[in-house]
Amino acid sequence: MGKVIYHIDLNSFFASAEVLLNPSLKGKPIAVAGHSRRGVISTASYEARQFGVNSAMPTAMALQLCPDLILVNGHSSFYQELSIKFIDTIKKYTKIIEQASIDECYADMSEAVTKFKRPMDLAWQIQTELLNDIGLKCSIGVAPNKFLAKMASDMKKPMGITVLRIQEVPTKLWPLKIDDMRGVGKKTAPILHEMGIHTIGDLAQPKNIEQLRNVFGKNTDSVIQRANGFDDSEILCEWDVKTMSQSTTFANDLTDYDELKSSFYQLSKRLSTRLQAESKVGNLISITIKYFDFSTSNRSKKISEYINNGDEIFQHALDLFDENVEDIPVRLVGVGVSNLKYKEDVQIQINLFTQDSSLYELSKTDQLIKELNKSVSKPILKSASSLLKKKG
C-alpha cells in the first residue's frame, strides 16, 4: 500500500477557541480582530462567514457586511495551549507529523490505518476525539501526498472528511477554480486568468508552458506536477531536523512585498555566515511567517544539493514565500536550513561545466591506466602509462 497522508485542519480555530472561553458566543457571528492598527479580521465564525466576512478583511468592511458582528480580542496563549493538545492527540496515532501552522498539520498515517477495518474509521475517530476532548471541529483530507491532502481538507468544511486519490484528480481537482489551488496567491490568480487559465485543469495541461515560466519561474514544473496530483515534498518531523535558523520581528506589522523580500535576503545572508563559520551545509530549506494575530505558518522544501551560500538560500526561501504569501500583515519572518552536515562529509560531484576540466581529464587517464593494468604486460603498461600521463 502506498502512503496515506492526512491533512488535519481545525475549523475556524480562533473563533472556536473564543467560544470555548465564552460559551455565550456560540451560534453568533463573531470575528477575532487583530491587534494591528490596520484593523484586519483574523478569523470569523461560520455564522459570520454567511454574511461574507472573511479573514484578512478590513474590520470596517466586515461590520458593513454584518452589522451584528461581535468583535473579540485574541487570546494567543490559549490558542497555543489548544494547539499543543491538538498535536498531542495526533501523536497518539503517528509520530510522523509536520505542524504547518497553529491550527493544521500533516500526518503520515500509512501504518496507523492498517489497524482499522475501514481506513476512514481512523479519520472519523480523530475528528470525534478532537471534538469531544478539546471542543474543536476539524476537516481532514486523505491522500497519497501532502498537496492533495491539503486540497482535500478544504473541500468540505466544517467537519468534513474527504479522500482524494490520484485517479480522482480529473474529476475532483481539475474543475476547481485556479484561485483555490494551494500555492497560487491572490496576486498570481488574476495573471493566470488573463492567460486563459481559469481552473486547476487548465494549469495541469497548459497550452503555453513558456508563458507560465514568466509567472512561476523555476517552480513552473513543480506547480504543473501538483496540478496533476503529484507532490514529492516530505513530511518534516521536528525531531528529525538538525536546523540552523535566523528570524526577525518587525517593529510594525509589514504588508509591503519588497520590505519582506529584503528581510528574507538579510536573514539568508546572516544564516549563510553562521553556516560557513561552522563549515556546515544543508538540503532542507524552511521559512517561518508569523502574522499579526500570532498565528504561524511554516513551509519547507528539500533540494537536490547541500548548500550554505546566502544567495542560494535566499532564492529558495523566496520561492517558498511566493508560493504561500497571503495579503495579511506580518510580524515575524524566519529562514532555516536543516539536515545539516559538515561540508567535508558531503560528497561533492565535479560539475563539468563549472570546475576545472583538467580534473576530469586526469580521472579519465587514471581509469585508462587501471584498465590497462588488467590486461597488459608490465613493460607495455609502463610505456602506455607514460604516454597517457604526458597526453593528460
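Structural notes, computed from the coordinates. Note that this is a predicted model, so its numbers are computed, not measured.

Cut-offs applied
Residues numbered from 1 in each chain as written. Predicted model: local features only at pLDDT ≥ 70, side-chain atom pairs only at ≥ 80, totals over all residues. Heavy atoms only, no water. Axes fitted to C-alpha atoms, helices over the stretch in contact; angles between N-to-C directions. Helix = DSSP H or I, 4+ residues; strand = E, 2+ residues; numbered from the N terminus. Parallel < 35°, antiparallel > 145°, perpendicular 65-115°, else oblique. Contact = heavy atoms within 4.5 Å. Nonpolar A, V, L, I, M, F, W, Y, C, P; charged D, E, K, R; others polar. Salt bridge = Lys/Arg side-chain N within 4 Å of Asp/Glu carboxyl O. Buried < 20%, exposed > 50% of the residue type's maximum accessible area, 1.4 Å probe, protein only. Phe/Tyr/Trp six-rings, centres within 6.5 Å; stacked < 30°, edge-to-face > 60°. Polar contact = N/O pair within 3.5 Å; in protein donor to acceptor, adjacent residues only side chain to side chain. Pairing = 2+ DSSP bridges.

**Concerning the packing of helix H1 (residues 13-21) against helix H4 (residues 76-90)**
- Viewed as axis vectors pointing N to C, H1 and H4 meet at an angle of 100 degrees, and their least axial separation amounts to 10 Å. Comparing their axes, H4 and H1 come out roughly perpendicular. For the pair H1 and H4, contact is made by Phe13, Phe14, Ala17, Glu18, Leu20 and Leu21 and by Phe78, Tyr79, Leu82 and Ser83, respectively.
- Its residues assigned to classes, the contact of H1 with H4 comprises eight nonpolar, one polar and one charged.

**Some details on the pattern of salt bridges**
- Taken as a whole, this structure holds 17 salt bridges when the rule is applied.
- Residues Glu323 and Arg226 are paired through a salt bridge, measuring 4.0 Å at the closest nitrogen-oxygen approach. Placement of the pair is Glu323 in helix H13 (residues 310-324) and Arg226 in helix H11 (residues 220-227), with a sequence separation of 97 residues.
- The exposure class assigned to Arg226 is buried, which follows from its relative accessible area of 13%.
- Across the pair Asp319 and Lys301 runs a salt bridge, and its minimum N-O distance is 3.7 Å. With Asp319 in helix H13 and Lys301 in strand S11 (residues 296-307), this pair connects stretches of sequence that are 18 residues apart. Accessibility assignment for this pair places Asp319 and Lys301 in one class, buried.
- Look at the salt bridges and you will find they share partners, linking Asp9, Asp154 and Lys157 into a network.

**As for the packing of aromatic side chains**
- In this structure the tally under the stated criterion is six aromatic pairs.
- On the numbers, 6.1 Å between centres and 25 degrees between planes, the contact of Tyr257 with Phe321 is stacked. On the criterion of sequence distance, the pair formed by Tyr257 in helix H12 (residues 257-277) and Phe321 in helix H13 is long-range, its members being 64 residues apart.
- You can call Tyr257 partly exposed: its relative accessible area is 24%.
- Judged by its relative accessible area of 1%, Phe321 is buried.
- For the ring pair Tyr265 and Phe314, a centre distance of 5.2 Å and an interplane angle of 90 degrees mean the geometry is edge-to-face. Here Tyr265, found in helix H12, pairs with Phe314, found in helix H13; they are 49 residues apart in sequence, far enough to count as distant.

**Some remarks on helix H10 (residues 209-216)**
- The residue sitting at the N-terminus of H10 and contributing the capping side-chain oxygen is Asn208; that oxygen lies 3.2 Å from the backbone nitrogen of Glu210.
- Downstream of H10 by a residue or two, Gly217 has a phi angle that is positive, lying close to 60 degrees.

**Remarks on the pairing of strand S7 (residues 138-143)**
- The buried fraction of S7 is high, at six of six residues.
- Of the two faces of S7, the one carrying Cys138, Ile140 and Val142 and the one carrying Ser139, Gly141 and Ala143 are both buried.
- Here six bridges tie strand S1 (residues 5-10) to S7, and the two strands are oriented antiparallel to one another. Counterpart to Ile8 in the pairing with S7 is Ile140.

**Concerning the sheet that holds strand S2 (residues 30-33)**
- Strand order across the open sheet formed by three strands is S3-S2-S4, with mixed pairing between neighbours. Looking at strand neighbours, the two that pair on one side only are strand S3 (41-44) and strand S4 (70-73), the edges of this open sheet. For this sheet, the mean inter-axis angle between neighbouring strands, taken without regard to orientation, is 30 degrees.
- Strand direction decides the pairing type here: S2 and S4, joined by four bridges, are parallel. Within S4, the position partnered with Val32 by the bridge is Val72.

**Brief notes about the side chain of Asn308**
- The topology assignment puts Asn308 in the loop between S11 and H13.
- Since its relative accessible area comes to 12%, Asn308 is described here as buried.
- Ignoring anything within four residues of it in the chain, the contact list for Asn308 reads Ser272, Leu275, Gln276, Lys280, Val281 and Ile313.

**Points about unusual backbone geometry**
- Looking along the chain, the bond that leaves Lys157 and enters Pro158 is cis, with omega of -5 degrees.
- Relative to the assigned elements, Pro158 resides in the loop between helix H6 (146-153) and strand S8 (161-163).
- Phi at Ser12 is positive, roughly 45 degrees, even though this residue is not glycine.
- Among the structural elements, Ser12 can be located in the loop between S1 and H1.

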